[in-house]
Amino acid sequence: MAEARSNALSVCNVVKVFGSGPGAVTALNDVSVNIEANEFFTLLGPSGCGKTTLLRLTAGFEQPTGGEIFLFGEEIENLPPHHRPVNTVFQHYALFPHMTVTENIGFGLKMLKWNASDIQARVSETLALVKMEAFATRKPAQMSGGQQQRIALARALAPRPKVLLLDEPLSALDLKLRQAMRQELKTLQRETGITFIFVTHDQEEALTMSDRIAVMSEGQIQQIGAPLDIYERPLNRFVADFIGDTNFITARIAAISGSKATCTAGGGLSFSTPMVGEHSKGDTVTLALRPEKIKLKAATARAKGSATIANATYLGTDTTYEIALTRDVMVTARDQNIAAGMGRFNAGDRVSLEFAAGSARMLTD
Amino acid sequence: MKRQRKGFVLGHYPGMNLWTALFFVYLYAPMLVLVVYAFNDSDRAQIWRGFSTRWFYKAFANDSIQDAAINSLIIAVCATVVATTLATLAALAMARTGEFKGRSATLGLISLPLVVPEIATAVATLSFFAVIGFQLGLLSIIVAHTVFCIPFAFLPIRARLEGMNDTLEQAAGDLYANEWQTFRHITLPLLMPGIVAGAMLSFIISIDDFIITLMVSGAGATTLPLYIYGMIRQGITPEVNVISTVMLGISIVFISAYWFMTKGDDHTTTH
Amino acid sequence: MVVIGIFMVLPMMILVVFSFLEADPYGGVEPVFSLEAYIQILYEIDFDDTVVFNPIYLNIIARSVGLALVATFGCLILGFPVAYFITRQSPRNQNMLLYLITLPFWTNLLIRTYSWILILAKNGVVEQPLLALGIIDDSLGMMYTNGAIAIGLIYTYLPLMVLPIYASLEKLDFRLVEAAHDLYAGRLKVMREIIVPLAMPGIIAGCILVFVPSLGAFIAPDLLGGGKKLMLGSLIQLQFSSSRNWPFGSAIAVCLLALVMISLTIQARSAGKRRAMEG
């Protein structure tokens, strides 16, 4: 497998079934993904989508029912966790309660039979990396959640794993701390050059930190791409819906020219989008249109293509408007509050809608 | 689907299944042997001669065994009733008074017989009876058993009481029940499973007790365990196997009932 | 509460008082202060009133402590893997296994010990087939040995070891085991560095719970040791019955209680230290 060798981690056709018989649950259904060296890769999805299972298979806590996993070209899916040069940062830290911070961080090195002075040096270095030098002699129970989180990170980084697995490491922290840690994790990843595989259900976390994101649902990967791709060019309804807010618009293909299509929808709307999948003229497709891509202009009641604002919600930075295009087609638009005040429009106002070419995306389903 | 691969299973240690199996053999084989030997045809208890139920008839027809069994029952019933009542009162008193000075000392006191070797309790009780000039006999055994049974009755009752929500009692008070009515209609019914569990433990402890009984029984007051001990010491007929099997059966029935009654009720299983 | 106090504490106090009195040769005590009972543990008073060191009772104490230690370690070695095994089962099976472990403990101790006579005795369950098959020609003489007593003690107190260890292993966060494996610890290292240290409160509690009653055991040494291999429990019983030396029996009982208190204090100390350590 030449392709597998060039990647930090290659997951090939992995299947994981828990239990057997009629009660069996398929957690991963034929998942394949390649993660490059030095990448900050995020597995994003709702709970139960299989992202944590994929992480646990990589760490070695579970064995796949089928498929292969390669780490820098070496097949690892049958190796026990302690023979894999991979370390994990656990969701609830899993620090050893009977050991000090120093002992916790040095544990992996001790198991790798490093000598004491090397362990000491590496522990100090790692403590400095996570800015926790002052806590070396503490026990886990004597520290706050955020401090424990840093120690858990240090413990997993100390043996310099080839791949670091992070299982929702920020989910137990409060908002401010979480935001600060995002930046720090990203910096750490760049400084150490270690491949990070990060599991989260938080789209903001995924978008801000990742080089690439795999969006997962129901045991399958829905889309893999850079944050920009995932947000701007969602492949299907699930991805468009899970990340950010989206208007789903049912439209008809009016014309196809090369890889572009022109689609029309109720209320006299017309969109130019790239073609996705096998469709021909006259087919009905679903388009995704982000609310902030819609520009609103005041219009007179008679103006062609204008619509009525049904509802306005003030959100601070923005105001969202629900706009009735026809009696049963509604779209949501988001308008930044540049001027002081509650927003530019009120319920009942007539507006006309504008959007840049390519801002609507045709979905595969 | 591919077959399940045989990989590394976390937390599994090779041989631990076999070890556990052997452990249970060790735990149950002696009891099984005893039951089998109750059907021994031989005149000597320890040497197997062939299958027979004849010793069952002999044992049940034996007058001294019957007397001993009746003594055991009288003692166990009396000790159980008194110990359970006292334990219930103690548990209630403790719950009512809440945190008081010496609370943990009292708790320690009640559980004293659980940690002190039984022989020490036995001779201490004997000395106590000697000092107050208490006549040794059936009554002295009952008193000694009662004291020894209290902690066993106390633990499940207290556990039940601690798990109980006192807003229920407040609600009853709110609905015009006086203190006695509240106790009669709310507290007692809720406490019942704990009391029954405590009573069952007391009964088993009393009927099985040997060492304390040995020390504080006078002449003439023989219980089943004392009778069995005598038989073992005297060189033995399979009669002893028969009585032992019957007593084993009684204990198992009681304990199983206790276990499955308190199962799912986490409060009574923790001390 | 007062009733309980009277019947539980008073007898113990009387026992202490008795141990400082003189023996009545017809049983009971004479109300005369004397340290003789304690002296008798170590020394023998000859007919000509010379005091001679007498190791007989010291030997019995040593044998009791020794056998109790053997029983404790035997229970630990037998019981720990089983306690661990149980925690790895489904909750339903855990409950069932705990029931099976608890059950024998509540059955009659005398009967359970007696059943070992059937097994170990001359011509018993073990020897009979071996003799019949000609593997052995003569009795193995398994009864009335320290080994027989140890088997009986282990058998009697095994559940007291398994249950507290189970209780602390059951609270063990299994993610710690995963974390240790993740950090390159193999199975044995995980056991030594993570599982055993975190189960330590249960292990200590189990050891105390086995050690204390083993020390004062009466039935096992009496039935399986044939009354010849005396332990503290049987010695005390003897003094209060056929030997009719109540003060001496009381003195030994007081020594036994002292040993019990010492081991309980050690346990409380280590538990307290642990709590302080883990914050």
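Rules of the game
Residues numbered from 1 in each chain as written. Chains lettered and ligands numbered in written order. Predicted model: local features only at pLDDT ≥ 70, side-chain atom pairs only at ≥ 80, totals over all residues. Heavy atoms only, no water. Helix = DSSP H or I, 4+ residues; strand = E, 2+ residues; numbered from the N terminus. Buried < 20%, exposed > 50% of the residue type's maximum accessible area, 1.4 Å probe, protein only. Contact = heavy atoms within 4.5 Å. Areas by Shrake-Rupley, 256 points an atom, 1.4 Å probe, with all protein chains shown as cover. Lys, Arg positive; Asp, Glu negative; His and termini not counted. Charge placed at Lys NZ, Arg CZ, Asp CG, Glu CD. Phe/Tyr/Trp six-rings, centres within 6.5 Å; stacked < 30°, edge-to-face > 60°. Polar contact = N/O pair within 3.5 Å; in protein donor to acceptor, adjacent residues only side chain to side chain. Axes fitted to C-alpha atoms, helices over the stretch in contact; angles between N-to-C directions. Parallel < 35°, antiparallel > 145°, perpendicular 65-115°, else oblique. Left-handed = near helix turned anticlockwise from the far one by under 90°. Nonpolar A, V, L, I, M, F, W, Y, C, P; charged D, E, K, R; others polar. Salt bridge = Lys/Arg side-chain N within 4 Å of Asp/Glu carboxyl O. Pairing = 2+ DSSP bridges. Buried area = accessible area lost by both parts, 1.4 Å probe. Disulfide = S-S within 2.5 Å. pLDDT = per-residue confidence, 0-100. Core = buried A, V, L, I, M, F, W, Y, C linked by side-chain atoms within 4.5 Å.

Chemist: Would you mind going over the overall build of chain A with me for this structure?
Modeler: In terms of helices and strands, chain A carries 9 helices and 20 strands. Reported as C-alpha extents along the three principal axes, the dimensions of chain A are approximately 80 × 50 × 40 Å. Buried positions account for 51% of the 365 residues belonging to chain A. Within chain A, contacts between residues separated by at least 24 positions form 65% of all contacts whose residues are at least 6 apart in sequence. If you sum the accessible surface of chain A, you get close to 16000 Å²; carbon and sulfur atoms cover 50% of it. Averaging the positions of the 37 positive and the 37 negative side-chain charges in chain A gives two centres separated by 4 Å.

Chemist: Where do I start with the packing of aromatic side chains in this structure?
Modeler: Residues and elements named next belong to chain C. Going through the model one piece at a time under the given rule, you end up with 28 aromatic pairs over all chains. Taking the centre distance of 6.2 Å and the plane angle of 40 degrees together, the rings of Phe 18 and Trp 246 count as tilted. Taken together, the residues span a long stretch of sequence, with Phe 18 in helix α1 (residues 2-19) and Trp 246 in helix α12 (residues 246-277) at a distance of 228 residues. As far as burial versus exposure is concerned, Phe 18 and Trp 246 are alike and both buried.

Chemist: Please explain the side chain of Gln223(A) as it appears in this structure.
Modeler: All names here are of chain A. For Gln 223, the position within the fold is in strand β10 (residues 220-225). A polar contact of 3.0 Å, which involves the side chain of Gln 223, links it to the backbone oxygen of Arg 233. The residues contacting Gln 223, other than those within four sequence positions of it, are Ile 213, Ala 214, Val 215, Asp 229, Ile 230, Arg 233, Pro 234, Leu 235 and Val 239.

Chemist: Which parts of the structure should I look at to understand the packing of helix α3 (residues 56-87) of chain C against helix α7 (residues 146-170) of chain C?
Modeler: What describes two packed helices is the angle between their axes and the distance between those same axes. Residues and elements named next belong to chain C. For the pair α3 and α7, the least separation of the axes is 6 Å and the interaxial angle reads 45 degrees. Of the possible angle classes, the one that applies to α3 and α7 is oblique. Note on packing geometry: the crossing formed by α3 with α7 is right-handed. Residues of the contact of α3 with α7, tallied by class, amount to 21 nonpolar, 5 polar and 2 charged.

Chemist: Help me understand the pattern of salt bridges, please; the structure alone is not making it clear to me.
Modeler: When their charged atoms lie close together, side chains carrying opposite charge are able to pair. Counted by the stated rule, this structure contains 22 salt bridges over all chains. A salt bridge links Glu193(C) to Lys110(A); its shortest N-O distance comes to 3.3 Å. Note that Glu193(C) is positioned in helix α9 (residues 187-215) and Lys110(A) in helix α3 (residues 101-111), a pairing that runs across two chains. A relative accessible area of 13% places Glu193(C) in the buried class. A salt bridge links Asp202(A) to Arg182(A), with the nearest nitrogen and oxygen atoms 3.9 Å apart. With a gap of 20 residues between them, Asp202(A) in the loop between β8 (195-200) and α7 (203-209) and Arg182(A) in helix α6 (residues 175-192) connect regions that are remote in the sequence. For the residue pair Asp202(A) and Arg182(A), the accessibility class agrees, reading buried in each case.

Chemist: I tried to follow the sheet that holds strand β7 (residues 163-167) of chain A on my own but got confused; where do I start?
Modeler: For sheets, the rule is that strands pair by backbone hydrogen bonds, running either parallel or antiparallel. Residues and elements named next belong to chain A. One open sheet accounts for 6 strands, arranged β6-β7-β8-β3-β9-β10; its pairing is mixed. The open sheet is flanked by β6 (86-89) and β10, the only strands paired with a single partner. Shown here is a sheet whose adjacent strand axes are inclined to one another by a mean of 20 degrees, direction ignored. Sheet analysis places strand β3 (residues 40-44) next to strand β9 (residues 212-217), joined by 4 bridges and oriented parallel.

Chemist: Sorry, what's going on with the interface of chain B and chain C here?
Modeler: Reports of interface size often rely on the accessible area that becomes lost once the parts have come together. Each side of the interface is counted separately: chain B has 78 residues, and chain C has 77 residues. Carbon and sulfur atoms make up 81% of the area that chain B and chain C hide from each other, which totals about 7100 Å². Across the contact surface, chain B and chain C share 1 salt bridge. Close ionic contact of Asp222(C) with Arg233(B) constitutes a salt bridge, the shortest N to O distance being 3.7 Å. Linking chain B to chain C there are 13 residue pairs in polar contact (both at pLDDT 80 or more). The leading source of residues in the side of chain B that touches chain C is helix α1 (residues 16-37) of chain B, at 14 residues.

Chemist: I tried to follow the state of the cysteines on my own but got confused; where do I start?
Modeler: Each disulfide consists of a covalent bond between the sulfur atoms of two cysteine residues. Counting across every chain of the model gives 0 disulfides over all chains. No disulfide involves Cys49(A); its nearest neighbouring cysteine sulfur is the one of Cys12(A), lying 20 Å away.

Chemist: Explain the confidence of the model for chain A to me, please; I cannot follow it from the model alone.
Modeler: Close inspection of predicted coordinates is inappropriate for parts of the model with low pLDDT. Looking at chain A, pLDDT values average 90 and 97% of them are 70 or higher. Per-residue pLDDT stays below 50 along residues 1-5 of chain A; that stretch engages in 8 contacts with residues further than four places along the chain or on separate chains.

Chemist: Explain the confidence of the model for chain C here, please?
Modeler: Residue and element names in this part refer to chain C. Of all residues in chain C, 92% have pLDDT values of 70 or greater, and the mean over the chain is 84. When mean pLDDT is taken per element in chain C, helix α8 (residues 174-182) scores highest with 94 and strand β3 (residues 43-45) scores lowest with 71. Both scores are available for the predicted complex, with the pTM at 0.84 and the ipTM at 0.84.

Chemist: It is not clear to me how the packing of helix α4 (residues 91-106) of chain C against α7(C) should be interpreted in this structure. Could you clarify?
Modeler: All names here are of chain C. Between α4 and α7, the shortest axis-to-axis distance is 8 Å and the interhelical angle comes to 150 degrees. Regarding the angle of α4 to α7, the classification is roughly antiparallel. In this structure, α4 meets α7 at a crossing whose hand is left-handed. From α4, Gln 94, Leu 98, Ile 101, Thr 102 and Phe 105 reach across to α7, where they touch Thr 156, Pro 159, Leu 160, Val 162, Leu 163, Tyr 166 and Glu 170. Across the contact of α4 with α7, the residue classes tally to 8 nonpolar, 3 polar and 1 charged.

Chemist: Any chance you could explain the nonpolar core here in plain terms?
Modeler: A general trend in soluble globular proteins is that nonpolar side chains are found buried together. In this structure, Phe96(A), Phe107(A), Leu153(C), Ile194(C) and Ile195(C) are the most contacted members of the largest nonpolar core, which totals 197 residues. The dominant element in this core, judged by the number of residues it contributes, is α7(C), at 14 residues. Residues contacting Ile194(C), with those up to four places away along its chain left out, are Phe96(A), His98(A), Met99(A), Phe107(A), Leu176(C), Ala180(C) and Lys189(C). Formed by 33 residues, the second largest nonpolar core is a distinct cluster that contains Phe40(A), Ile151(A), Leu164(A) and Phe198(A).

Chemist: When you look at unusual backbone geometry in this model, what are you seeing that I'm missing?
Modeler: Phi is mostly negative for residues that are not glycine, and the peptide bonds are mostly trans. All names here are of chain A. Even without being a glycine, Asn 13 presents a positive backbone phi close to 50 degrees. Along the chain, Asn 13 turns up in strand β1 (residues 9-18). Judged by its relative accessible area of 43%, Asn 13 is partly exposed. Despite not being glycine, Lys 131 shows a phi value in the positive range, around 60 degrees. In this fold, Lys 131 is placed in the loop between α4 (116-129) and α5 (145-157). Its relative accessible area of 54% is what places Lys 131 among the exposed residues.

Chemist: What is the right way to look at the pairing of β1(A) in this model?
Modeler: Here is the key point about a regular strand: its side chains alternate between the two faces of the sheet. All names here are of chain A. Within β1, 8 of the 10 residues are buried, which leaves the element mostly enclosed by the surrounding structure. Relative to strand β4 (residues 66-71), β1 runs antiparallel, the two sharing 5 bridges. Directly across from Leu 9, in β4, lies its bridge partner Leu 71. Bridge analysis of β1 against strand β2 (residues 25-35) gives 7 bridges, and the strand direction is antiparallel. Across the sheet, residue Lys 16 finds its bridge partner in β2, namely Leu 28.

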